[in-house]
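Coordinates in review
Take a look at the letters that make up each chain.
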Amino acid sequence: MRLRELQYSQFNREPAALLSRFIAMILDFVVLASLLFFSSFMLYFIFSRYGARQEYFYGILGFIRFNIIFIGVPALLIAYVYYGAFYSSFGATPGKMFMGLRVVDFYSGENLGLIQILFREFFGKWLSAAILFFGYFLSVMRKDGRALHDFFSSSQVISDWD
């Protein structure tokens, strides 16, 4: 038996079911979309009330500025704080907690570190989706249920109904 297989088998973890992962993703999307809607509305209110001129948002460049300021930057910040805080503290986001799932380091079984979370959520998931979502389909084909972003960050989603 290879070292990696021995390391994997010593933790005796049950990989998460694909349907559970999908439902958790939908729940987390609802939470993140709500947070983004609220923060974008507040930023727009503050900008329109206290200083930004209307002309700043006219035309195609104005449309791009508007989307970067009120959607892009808040989305990145909210997502990183959301995933970083929940994965590092609890090992799961609210959606994953509701479904009884955890995201752990593949080799140690511990919660992910902030660098692993960055690689998993922001680089790995983009790569998983880049080529017709092939990175996500890997989890269907593999016995350990790991997708491309899990390999990218040395993580695994496990069932945690203890």
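Coordinates for the structure precede this section.
Remember, predicted model here, so these are calculated numbers, not experimental data. (Residues numbered from 1 in each chain as written. Predicted model: local features only at pLDDT ≥ 70, side-chain atom pairs only at ≥ 80, totals over all residues. Heavy atoms only, no water.)

**As for the nonpolar core**
- Formed by 15 residues in total, the largest nonpolar core has its most connected members in Leu32, Tyr83, Tyr87, Leu101, Val103, Ile117 and Val157.
- Those elements giving two or more residues to this core turn out to be helix H2 (18-49), helix H3 (59-90), strand E1 (101-105) and helix H5 (114-130).
- A total of five residues in this core trace back to one element, the largest contributor, which is H3.
- Residue contacts for Ile117: discarding those within four places in its chain leaves Tyr83, Gly84, Tyr87, Ser88, Leu112 and Phe122. (Core = buried A, V, L, I, M, F, W, Y, C linked by side-chain atoms within 4.5 Å. Buried < 20%, exposed > 50% of the residue type's maximum accessible area, 1.4 Å probe, protein only. Helix = DSSP H or I, 4+ residues; strand = E, 2+ residues; numbered from the N terminus. Contact = heavy atoms within 4.5 Å.)

**A word on unusual backbone geometry**
- Backbone geometry at Leu132 places phi at a positive 55 degrees, although glycine is not the residue there.
- In this fold, Leu132 is placed in the loop between H5 and helix H6 (134-141).
- Positive phi is not limited to glycine here, since Ser154 has a value of about 55 degrees.
- Its location among the elements puts Ser154 in the loop between helix H7 (148-153) and strand E2 (155-159).

**Side note on the packing of aromatic side chains**
- Tallying each qualifying case throughout the model produces nine aromatic pairs.
- Ring geometry for Phe86 against Phe90: centres 5.9 Å apart, planes inclined by 35 degrees, an arrangement best described as tilted. Of this pair, Phe86 and Phe90 are both found in helix H3, four residues apart, which corresponds to roughly one turn of the helix.
- It is Arg146 that lies over the ring of Phe106; its NZ or CZ is 3.8 Å from the centre.
- Above the plane of the ring of Phe151 lies Arg146, whose end atom (NZ or CZ) is 4.2 Å from the centre. (Phe/Tyr/Trp six-rings, centres within 6.5 Å; stacked < 30°, edge-to-face > 60°. Lys NZ or Arg CZ within 6 Å of the ring centre and 35° of its normal.)

Shape descriptors only; they carry no functional weight alone.
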